[in-house]
Number of protein chains: 2
Amino acid sequence: MEVSVFIQLKDGVLDPEGETLRQSLRRLGFHEVDGVRVGKHLQISLAEDNTERARRRAEQMCEDLLANPVIEDYQVRMKEELS
Amino acid sequence: MEVSVFIQLKDGVLDPEGETLRQSLRRLGFHEVDGVRVGKHLQISLAEDNTERARRRAEQMCEDLLANPVIEDYQVRMKEELS
């Protein structure tokens, strides 16, 4: 089963990589860019057929390792939820 | 207008960060993890009201700066396309 995990900086947390991209894009002529936030998208292949169990395990992975709960939010999406 | 850009390594391109996460997850007891691929998710705020124009501009940004077309694929999604 394929699980997508999105990890984003919480609102209000400075995002220097996003700010650098914003400045670079504007310098390249993309003057309409107001802001860029950079997050991670992890695609995890699991040997698990049960959707709810896979979701819970992926959430546990975020808590234990993948996300930093002080500054990051995460979202777990099963493949069938993504078009 | 909010645009989401997903940037992923092409199939077959080595992903050392994903491989490290896979090993770490298994070491933590998540033995069902078969593989992890790491991509970027950029959220771009644009001063542009026209959906099609915003999409084309975001695609141009990927070509010009955000993605490395040799090793990466990108996908542009308008906010209303994401549930």
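Please read all numbers here as calculations on a predicted model, not as lab measurements. (Residues numbered from 1 in each chain as written. Chains lettered and ligands numbered in written order. Predicted model: local features only at pLDDT ≥ 70, side-chain atom pairs only at ≥ 80, totals over all residues. Heavy atoms only, no water.)

A.B. asks: Tell me about the interface of chain A and chain B, and please be specific about residues and values.
C.D. replies: When the parts of a complex come together, some accessible area is lost, and that lost area is often used as the size of the interface. With 35 residues of chain A at the contact, the number on the chain B side is 35 residues. At the boundary of chain A with chain B, total buried surface from both sides reaches about 3000 Å², with 57% on carbon and sulfur atoms. Per-residue buried area on chain A facing chain B is highest for Phe30, Glu32 and His41 of chain A; these three make up 19% of the total on that side. Applying the counting criterion to the chain A and chain B interface returns four salt bridges. In this structure, glutamate 17 of chain A engages lysine 40 of chain B in a salt bridge whose closest nitrogen and oxygen atoms are separated by 2.8 Å. The interface formed by chain A and chain B contains 20 residue pairs in polar contact (both at pLDDT 80 or more). Looking at the side of chain A that touches chain B, the elements with two or more residues in it are β1 (2-9), α1 (16-27), β2 (33-46) and α2 (51-66) of chain A. At 14 residues, the largest contribution of residues to the side of chain A that touches chain B is made by β2 of chain A. Of the residues belonging to the side of chain A that touches chain B, the class tally is 15 nonpolar, eleven polar and nine charged. (Contact = heavy atoms within 4.5 Å. Buried area = accessible area lost by both parts, 1.4 Å probe. Salt bridge = Lys/Arg side-chain N within 4 Å of Asp/Glu carboxyl O. Polar contact = N/O pair within 3.5 Å; in protein donor to acceptor, adjacent residues only side chain to side chain. Helix = DSSP H or I, 4+ residues; strand = E, 2+ residues; numbered from the N terminus. Nonpolar A, V, L, I, M, F, W, Y, C, P; charged D, E, K, R; others polar.)

A.B. asks: With reference to specific residues and values, describe the sheet that holds strand β1 (residues 2-9) of chain B.
C.D. replies: On the basis of which strands lie adjacent, the open sheet formed by six strands has the order β3(A)-β1(A)-β2(A)-β2(B)-β1(B)-β3(B) and antiparallel pairing. Pairing within the sheet leaves two strands with one partner each, and these edge strands are β3 (72-78) of chain A together with β3 (72-78) of chain B. Strand-to-strand twist across the sheet, computed as the mean angle between neighbouring axes with direction ignored, equals 25°. Strands in contact with α1 of chain A are β2 of chain A together with β2 (33-46) of chain B; relative to β2 of chain A, the strand with the most contacts, it is inclined by about 125°. (Pairing = 2+ DSSP bridges. Axes fitted to C-alpha atoms, helices over the stretch in contact; angles between N-to-C directions.)

A.B. asks: Report on α1 of chain A, specifying residues and quantitative values.
C.D. replies: Taking 1.5 Å per residue, twelve residues should reach 16 Å; α1 of chain A reaches 16 Å between its end C-alpha atoms and fits that length. What α1 of chain A keeps buried is the set Gly18, Leu21, Ser24 and Leu25 of chain A. All buried residues of α1 of chain A fall inside an arc of 125° around its axis, so they share one side. Turned more than 90 degrees away from the buried face of α1 of chain A sit Pro16 and Arg27 of chain A, all of them exposed. Against β2 of chain A together with β2 and α2 (51-66) of chain B lie the buried residues of α1 of chain A. Residue glycine 29 of chain A follows α1 of chain A closely and has a positive phi angle near 105°. (Expected span 1.5 Å × (residues − 1). Buried < 20%, exposed > 50% of the residue type's maximum accessible area, 1.4 Å probe, protein only. Arc of directions from axis to C-beta.)

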